[in-house]
Amino acid sequence: NAGVTQTPKFRVLKTGQSMTLLCAQDMNHEYMYWYRQDPGMGLRLIHYSVGEGTTAKGEVPDGYNVSRLKKQNFLLGLESAAPSQTSVYFCASSYSRLVGYEQYFGPGTRLTVT
Amino acid sequence: AQKVTQAQTEISVVEKEDVTLDCVYETRDTTYYLFWYKQPPSGELVFLIRRNSFDEQNEISGRYSWNFQKSTSSFNFTITASQVVDSAVYFCALSGVPLMDSSYKLIFGSGTRLLVRP
């Protein structure tokens, strides 16, 4: 049981390049989330999914797209990377939509855009 | 508006000292949950505790204890007899505004970096 995994762990992009971050969970969780972590700002929600085939915007969605083609996978795409997207990206999943269920986080992906 | 404030940006203590990390929250919800997560130098986020708004009992887990006080909107975290392995960034989080389909987002504080020196 690996929990939540993310690939890659590190990436450096040039402005304008594109990439996809992959998140996978093996806990059969319905709900998945993408957050970004910036210094002094905690974590902020980018996009989330409440089930296979569904996605929705969080609080900072601009410049990102997501897809949830399979229940266990949640992809985060950057079509044209910008230096403002330099950040650490965390994927999370949770069993239930109810507020009492904790979210389990992946190890993070450190992205630098030059 | 919902908000979590961790006023202590960084705390440095010597091993074996007790240390308290403060967390103050704002919400208009009557039902909500509070969480603490630990982020060690390796970077992953580790879930520590969940507390619902109807349970104000303090909780103790080994050297860790949590003090939830609705009257002051605080959910403080104390580490007793700190150890070097406790060095990490600690985040307090609040269950936020419901999203589509009533799932929820976590609202995180900005974190407190704890350094435990030998």
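Residues numbered from 1 in each chain as written. Chains lettered and ligands numbered in written order. Predicted model: local features only at pLDDT ≥ 70, side-chain atom pairs only at ≥ 80, totals over all residues. Heavy atoms only, no water.

**Observations concerning the state of the cysteines**
This model, assessed by the stated rule, comprises two disulfides over all chains. Sulfur-sulfur distance for the disulfide between Cys-23 of chain A and Cys-91 of chain A comes to 1.9 Å. On the S-S bond that ties Cys-23 of chain A to Cys-91 of chain A, the torsion sits near -75°, and the link is left-handed. One end of the pair, Cys-23 of chain A, is in strand E3 (residues 19-25); the other, Cys-91 of chain A, is in strand E9 (residues 87-94), and 68 residues separate them in sequence. Relative accessible area serves as the criterion here: at 0%, Cys-23 of chain A is assigned to the buried category. Using a relative accessible area of 0% as the deciding quantity, one classes Cys-91 of chain A as buried. The residue that forms a disulfide with Cys-23 of chain B is Cys-92 of chain B, at a sulfur-sulfur distance of 2.0 Å. Sign of the S-S torsion, about -65° for the bond between Cys-23 of chain B and Cys-92 of chain B, identifies this disulfide as left-handed. One end of the pair, Cys-23 of chain B, is in the loop between strand E3 (19-21) and strand E4 (24-26); the other, Cys-92 of chain B, is in strand E10 (residues 88-98), and 69 residues separate them in sequence. (Disulfide = S-S within 2.5 Å. Helix = DSSP H or I, 4+ residues; strand = E, 2+ residues; numbered from the N terminus. Buried < 20%, exposed > 50% of the residue type's maximum accessible area, 1.4 Å probe, protein only.)

**A short note on unusual backbone geometry**
Cis rather than trans, the peptide bond between Thr-7 of chain A and Pro-8 of chain A has omega equal to -5°. If you check the backbone angles, Asn-28 of chain A has positive phi at about 60° while not being a glycine. Mapping Asn-28 of chain A onto the fold places it in the loop between E3 and strand E4 (31-37). The class for Asn-28 of chain A is exposed, based on a relative accessible area of 53%. Positive phi values are uncommon outside glycine, yet Lys-16 of chain B reaches one of about 85°. Topologically, Lys-16 of chain B is positioned in the loop between strand E2 (10-14) and E3. By relative accessible area, Lys-16 of chain B is classed as exposed at 70%.

**Here's the deal with the sheet that holds strand E7 (residues 65-67) of chain A**
Residues and elements named next belong to chain A. The strand order E1-E3-E8-E7 describes an open sheet built from four strands, whose pairing is antiparallel. The sheet terminates laterally at strand E1 (4-7) and E7, the two strands that pair on one side only. For this sheet, the mean inter-axis angle between neighbouring strands, taken without regard to orientation, is 20°. When E1 meets E3, the two strands line up antiparallel, connected through four bridges. The residue of E3 that forms the bridge with Val-4 is Gln-25. (Pairing = 2+ DSSP bridges. Axes fitted to C-alpha atoms, helices over the stretch in contact; angles between N-to-C directions.)

**So, the packing of aromatic side chains**
All names here are of chain A. In the structure shown here, the tally under the stated rule is 20 aromatic pairs over all chains. Aromatic pair Tyr-35 and Phe-105: ring centres 5.6 Å apart, planes at 40°, arrangement tilted. Of this pair, Tyr-35 sits in strand E4 while Phe-105 sits in strand E10 (residues 104-105), and the two are 70 residues apart along the sequence. Each member of the pair, Tyr-35 together with Phe-105, is buried. (Phe/Tyr/Trp six-rings, centres within 6.5 Å; stacked < 30°, edge-to-face > 60°.)

**Brief notes about the side chain of Ser-94 of chain A**
Residues and elements named next belong to chain A. Counting through the fold element by element, Ser-94 comes out in strand E9. Take Ser-94: its relative accessible area is 0%, and that puts it in the buried class. A distance of 3.2 Å separates the side chain of Ser-94 from the side chain of Tyr-33, its partner in a polar contact. Setting aside anything within four residues of it in sequence, one finds Ser-94 in contact with His-29, Glu-30, Tyr-31, Tyr-33, Glu-102 and Gln-103. (Polar contact = N/O pair within 3.5 Å; in protein donor to acceptor, adjacent residues only side chain to side chain. Contact = heavy atoms within 4.5 Å.)

**Side note on the environment of Pro-39 of chain A**
For Pro-39 of chain A, the location among the structural elements is in the loop between E4 and strand E5 (43-49). For Pro-39 of chain A, a relative accessible area of 79% gives the class exposed.

**Focus: the nonpolar core**
Across soluble globular proteins, you tend to see nonpolar side chains buried next to one another. All names here are of chain B. Formed by 24 residues in total, the largest nonpolar core has its most connected members in Trp-36, Phe-77, Tyr-90 and Leu-114. Secondary-structure elements contributing two or more residues to this core are E2, E3, strand E5 (33-39), strand E8 (64-69), strand E9 (74-79), E10 and strand E12 (112-117). When residues no more than four places from it in sequence are discounted, the contact partners of Tyr-90 are Gln-6, Leu-21, Trp-36, Tyr-37, Lys-38, Leu-48, Tyr-64, Phe-77, Ile-79, Gly-111, Thr-112 and Leu-114. (Core = buried A, V, L, I, M, F, W, Y, C linked by side-chain atoms within 4.5 Å.)

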